[in-house]
Amino acid sequence: PYKIATWKHYYLGLIGLIILLKTMPKILISDAMSNVAQKIFEKNNISVDVKTGLSEEEIIKIIPEYDGMVVRSATKVTKKIIEAAKNLKVIGRAGAGVDNIDVSTAKEKNMIVMNTPGGNANATAEHAFALIMSVLRKIPFANETTHKGQWEKKNIKGTELSKKILGIVGFGNVGVRLSNLVKGFDMKILVCSKSLETRKSEYPHVENASFDDLVSKSDILSFHCKATADGKPMLTKDHLKKMKPTAYIINAARGNIVDEKDLSDALNEGLVAGAAVDVFSKEPAKENVLFNNPKVVLTPHIAASTTEASIVVAEMVANQISDFLLNGKKLNTV
Ligand code: MLT
């Protein structure tokens, strides 16, 4: 026999729903990313709001409602935001670098910070390789002038990779991938990495070397490391003076690793031949000393921006945060 639902049943149902919603963990996604992340949270019964382009003040106002926060690089998760976040347990970075998150304040407040190492390593390494080829073969200049009907054939002479030395600074996921990508190009690969000595047997195609060795010997010097702890550049005028005048510098890691003013001077003085740069000391870069230098190829921090990588990092961060909030599992904490 079926009983007709009375207002009491509806009332109890409503109370139950309110309790469920109140106990459901709540996530704020504050940067644009693949909607795969949102779908994973929803599948895991985690409530999720996507609110991008918010100012620090706007985030401070709403952050107390959230248990977790997901960012890419646009949101700066500042001390003020973290201090206002009364319920926040986890901050997830869909990407590798966490320099836009005040990790030490987060740790003081017992929050977990997670990233997605490796998720965009192939994309970044492929872009670094594209930058190498672009600057060595002068592709942007050739493209621009050919489109304009200027036949610059006589003025464009490229440089080959074969028999050259590639210096890779930093041998994490991206550096390793780049070293594998260039395997067919008949290059010698020197690597500067503190951790390489203990895992050398895995990488017989590279040689361990000091930073000074890389500076003086590389034909192409490519950075794939974190920024220094004090934010000071790793490559300055003193190093640039010791480089081959035919050498090229590639930076797809972080803008402050290479001193931009020193690099600009070195290019103008002929200390190095060219550079290709995806990252800037100040982003978004609206003005920069490297702008309009014909020896420099520039891209707007897009090394990791591929269809494939954006899905992978969104998936990784959403799964990791769900697993932490629902099961207490900590993966890829920094
Ligand atoms: C990273 O840290 O993962 C890359 O710089 C790409 C990004 O900005 O997300």
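The written sequence of each chain sets the order in which its residues are numbered from 1. Residue-level local features of this predicted model are given only where pLDDT is at least 70; pairs of side-chain atoms are given and counted only at 80 or more, and the full residue set underlies all totals for whole chains, interfaces and linings. As a convention, hydrogens and water are excluded, and side-chain values are obtained from all of the structure's heavy atoms.

### Quick look at unusual backbone geometry
Part 1: Here the amide bond leading from E283 into P284 is cis, since omega sits at -5 degrees, within 30 degrees of zero.
Part 2: Its identity as a non-glycine residue notwithstanding, K138 has a phi of 55 degrees, on the positive side.
Part 3: Each helix is a run of DSSP H or I of at least 4 residues and each strand a run of E of at least 2, with the numbering of both proceeding from the N terminus. Along the chain, the position of K138 falls in the loop between α6 (121–136) and α7 (139–147).
Part 4: Judged by its relative accessible area of 30%, K138 is partly exposed. A simple rule labels every residue: compare its accessible area, found with a 1.4 Å probe on the protein chains alone, to the largest value its type can have, and call it buried under 20%, exposed over 50%, or partly exposed in between.

### Considering the sheet that holds strand β3 (residues 68–71)
Part 1: Pairs of strands are assigned from DSSP output, requiring at least two bridges between the strands. The parallel open sheet is built from five strands, whose spatial order is β2-β1-β3-β4-β5. The sheet terminates laterally at β2 (47–50) and β5 (112–114), the two strands that pair on one side only. Neighbour-to-neighbour, the strand axes of the sheet open up by a mean angle of 15 degrees, direction not taken into account.
Part 2: Both strand β1 (residues 26–29) and β2 contribute to a ladder of four bridges, which runs parallel. Residue pairing across strands places I29 opposite V50, the latter belonging to β2. A fitted line through C-alpha atoms represents every axis, and for helices the fit uses only the stretch in contact; the resulting angles, taken between N-to-C directions, go from 0 to 180 degrees.

### Considering the confidence of the model for the protein chain
Part 1: Put simply, the protein chain has an average pLDDT of 96, and 97% of its residues get 70 or more.
Part 2: A residue's pLDDT is simply how confident the predictor is in it, with values from 0 to 100. When mean pLDDT is taken per element in the protein chain, strand β9 (residues 220–223) scores highest with 99 and helix α1 (residues 7–23) scores lowest with 71.

### Points about the sheet that holds strand β11 (residues 274–277)
Part 1: Ordered in space as β8-β7-β6-β9-β10-β11-β12, the seven strands form an open sheet in which the pairing is parallel. Two strands lie at the open edges of the sheet, namely β8 (206–208) and β12 (296–298), each paired on one side alone. Between one strand and the next, the sheet's axes are offset by a mean angle of 20 degrees, whatever the strand orientation.
Part 2: Both β9 and strand β10 (residues 248–251) contribute to a ladder of four bridges, which runs parallel. Across the sheet, residue S222 finds its bridge partner in β10, namely I250.

### With respect to the site of the ligand
Part 1: Residues are classed as near a molecule or strand on a simple rule: at least one heavy atom within 4 Å of it. All residues in the neighbourhood of the ligand are listed as R72, S73, R93, G95, A96, G97, N120, R254, H301 and A304.
Part 2: At 3.0 Å, a side-chain N or O of R93 approaches an oxygen atom of the ligand.
Part 3: Pairs of N or O atoms are called polar contacts if they sit within 3.5 Å, as long as, within protein, a hydrogen donor faces a hydrogen acceptor (for residues adjacent in sequence, only side-chain-to-side-chain pairs). With respect to the ligand, the side chain of H301 contributes an N or O atom lying 2.8 Å from an oxygen atom.
Part 4: Areas reported as accessible are Shrake-Rupley estimates using a 1.4 Å probe. Residue values count occlusion only from the protein chains shown. Relative to its unbound accessible area of 260 Å², the ligand is 91% covered by the protein chains.
Part 5: In terms of residue class, the shell around the ligand is made up of two nonpolar, five polar and three charged. Residues are grouped as follows: nonpolar covers Ala, Val, Leu, Ile, Met, Phe, Trp, Tyr, Cys and Pro; charged covers Asp, Glu, Lys and Arg; every other residue, Gly included, is treated as polar.

### Focus on the pattern of salt bridges
Part 1: Any Lys or Arg side-chain nitrogen found within 4 Å of a carboxyl oxygen on Asp or Glu counts as a salt bridge. For the structure on display, the rule yields 13 salt bridges.
Part 2: Note that D67 and K89 form a salt bridge whose closest N and O atoms lie 2.6 Å from each other. Of this pair, D67 sits in the loop between α3 (56–62) and β3 while K89 is found in the loop between α4 (79–84) and β4 (90–93), placing the two residues 22 residues apart along the sequence.
Part 3: According to the relative accessible area criterion, D67 is buried, its value standing at 14%.
Part 4: Given a relative accessible area of 35%, K89 falls into the partly exposed group.
Part 5: The closest approach of N and O atoms between R254 and D99, which form a salt bridge, is 2.7 Å. One end of the pair, R254, is in the loop between β10 and α12 (260–268); the other, D99, is in the loop between β4 and α5 (103–108), and 155 residues separate them in sequence.

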